[in-house]
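Residue-level listing of the chains:
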Amino acid sequence: MEQYILALDQGTSSSRAIVFDRAGKICSVAQKEFRQIFPRSGWVEHDPDEIWSSEASVIAEAITSVDINGTNIAAIGITNQRETTIVWDVETEQPVYNAIVWQDRRTSEYCDRLRAEGRADFIHERTGLIIDAYFSATKIKWILDNVEGARERAEAGKLRFGTVDTWLVWRLTRGECHVTDVSNASRTMLLNIHTLDWDDELLSLFGIPRSMMPEVRSSSEVYGHTKTTIFAHRVPIAGIAGDQQAALFGQMCVEPGMMKNTYGTGCFLLMNCGSKPVMSQNNLLTTVAWKIGGKVDYALEGSIFVGGSVVQWLRDGLGIIRSSSEVEALARTVDDNGGVYFVPALTGLGAPWWDQYARGTITGLSRGTTAAHIARAALEAIAFQSMDIVDAMMRDSGLKLKSLKVDGGASRNDLLMQFQSDMLRSAVIRPGITETTALGAAYLAGLAVGYWRDIAEIRGQWQEQSRFEPLMEPSEAERLQRSWHDAVYRTLSDYNCNR
């Protein structure tokens, strides 16, 4: 009987299920969007039950469309939006509050207090992270402090915490497995990345009972088996990785110095830095890439909060395009940005600036500025932000960029990819399968059950689709970079406060 791997790709705006065959080819895809909830400015939430129901729906659709069932599925791999925080009652299995999404900024003031108390170095040394509302720890604390009765139930051992991977496994196994993998755990600001276990001092600092925390496991092993009615047979759940680490693995960046960029809602650049964590001196994050067969790989990461979502804002906020797919054609109607620079700090600036109070800025407007110039500046902003992170990674690691592997929705934009190559003065490589996040989760699951023999076999499947080489004169690239940095400085909150 033909066997397949089912990958669940639970993103920030939609749930997807993808069936892969032994050659790593996509056999079917099902996708369903779910609601984005914005209770206040800077607050972003999801309904955990809607996440689960949408994922269950796409699982059924994906496997039905290729006329298979649970007996045909060798394993399930899960990849997920990271840092998003769900807390639920272990007895009722009901969430006590909506999922607080990674983009949410409600705990920014608390993060400021932590920095003022001198906690930054301690947290960075233990977790590899920078204190920010982005991560799960402050979100858990907010739920315990603000949902009536939550802290008392947590201290009585009645509540469980999980990032979205943990929530999906819990629902798939009907509460038999409360687990996460090292990559997701490393994004909570509660994991000691040196011991790969929850840090008791950090749990105490945030007032989080250890009983809430899932068991930390490797990224490729059998965690449990499904018990839902979606499958007639029990299917092993055998791979878990946060979306960006899964994409790094799906791009086969398995050696130190290899780098990828995922152009999604945000942009996430990761560089494999080997078996020992590299602690950044340039405001990057040190994170766990994965753990496979007892071997741990670490990564440096730079996060851009607003990447592809800047195009959504052009559509929904400004109304200058009717669909996201129109942005490239509009931007191509002008030869350059016309002196317009758009710093899309709509939810603050991520690496390497880490200014949560920065807000978006468009500079260089004139009477001659058109919607096309703004569209082009928005696309260029994605490349400029990525360029800043690559520069920081090279300084931290001492390595020189040879090429950048790319994936995610915006990587299909040829204008953006060419401009990215021009700014990096390096090749940008787009793979034959751009669904590398789901593919990475599939590979991790398949390795655990012997569907693929080893990483060497998987590397043989990776294929290049397109390669973009730098075409712009270096002097012109440097001029654009200087103007971009001038625009960024005008966006930073310290600049505005000191004027």
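Residues numbered from 1 in each chain as written. Predicted model: local features only at pLDDT ≥ 70, side-chain atom pairs only at ≥ 80, totals over all residues. Heavy atoms only, no water.

Attention now moves to the nonpolar core. Ranked by internal contacts, the top residues of the largest apolar core, which has 137 residues, are L190, F206, I208, M212, F249 and Y263. Per-element tally for this core: the top contributor is helix 12 (residues 371-397), with 14 residues. In contact with F206, other than residues within four places in its own chain, are Y110, L114, I123, A137, T138, K141, R151, M189 and L190. L8, I68, F231 and V235 belong to the second-largest nonpolar core, a separate cluster that totals 34 residues. (Core = buried A, V, L, I, M, F, W, Y, C linked by side-chain atoms within 4.5 Å. Buried < 20%, exposed > 50% of the residue type's maximum accessible area, 1.4 Å probe, protein only. Helix = DSSP H or I, 4+ residues; strand = E, 2+ residues; numbered from the N terminus. Contact = heavy atoms within 4.5 Å.)

With that settled, the discussion passes to the pattern of salt bridges. Pairing of side chains with opposite charge becomes possible as their charged atoms draw close. Summed over the entire model, instances satisfying the criterion amount to 39 salt bridges. Between R16 and E435 there is a salt bridge, with its nearest N and O atoms 2.6 Å apart. With R16 in strand 2 (residues 14-20) and E435 in the loop between strand 22 (427-431) and helix 14 (436-448), this pair connects stretches of sequence that are 419 residues apart. The salt bridge partner of R35 is E50, with a shortest N-O separation of 2.9 Å. (Salt bridge = Lys/Arg side-chain N within 4 Å of Asp/Glu carboxyl O.)

The next subject is the sheet that holds strand 1 (residues 4-10). Strand order in this open sheet of six strands is 3-2-1-5-14-13, and the pairing throughout is mixed. Each end of this open sheet is capped by a strand with a single partner; those strands are strand 3 (26-33) and strand 13 (220-225). Averaged over all adjacent pairs, the angle separating strand axes in this sheet is 25°, with direction ignored. In the sheet, strand 5 (residues 73-80) pairs with strand 14 (residues 236-242) via five bridges, with the strands oriented parallel. By the bridge assignment for strand 14, N80 is matched with G242. Each of strand 1, strand 2, strand 3 and strand 5 is contacted by helix 1 (residues 48-65), which is oriented at about 30° to strand 2, the strand it contacts most. (Pairing = 2+ DSSP bridges. Axes fitted to C-alpha atoms, helices over the stretch in contact; angles between N-to-C directions.)

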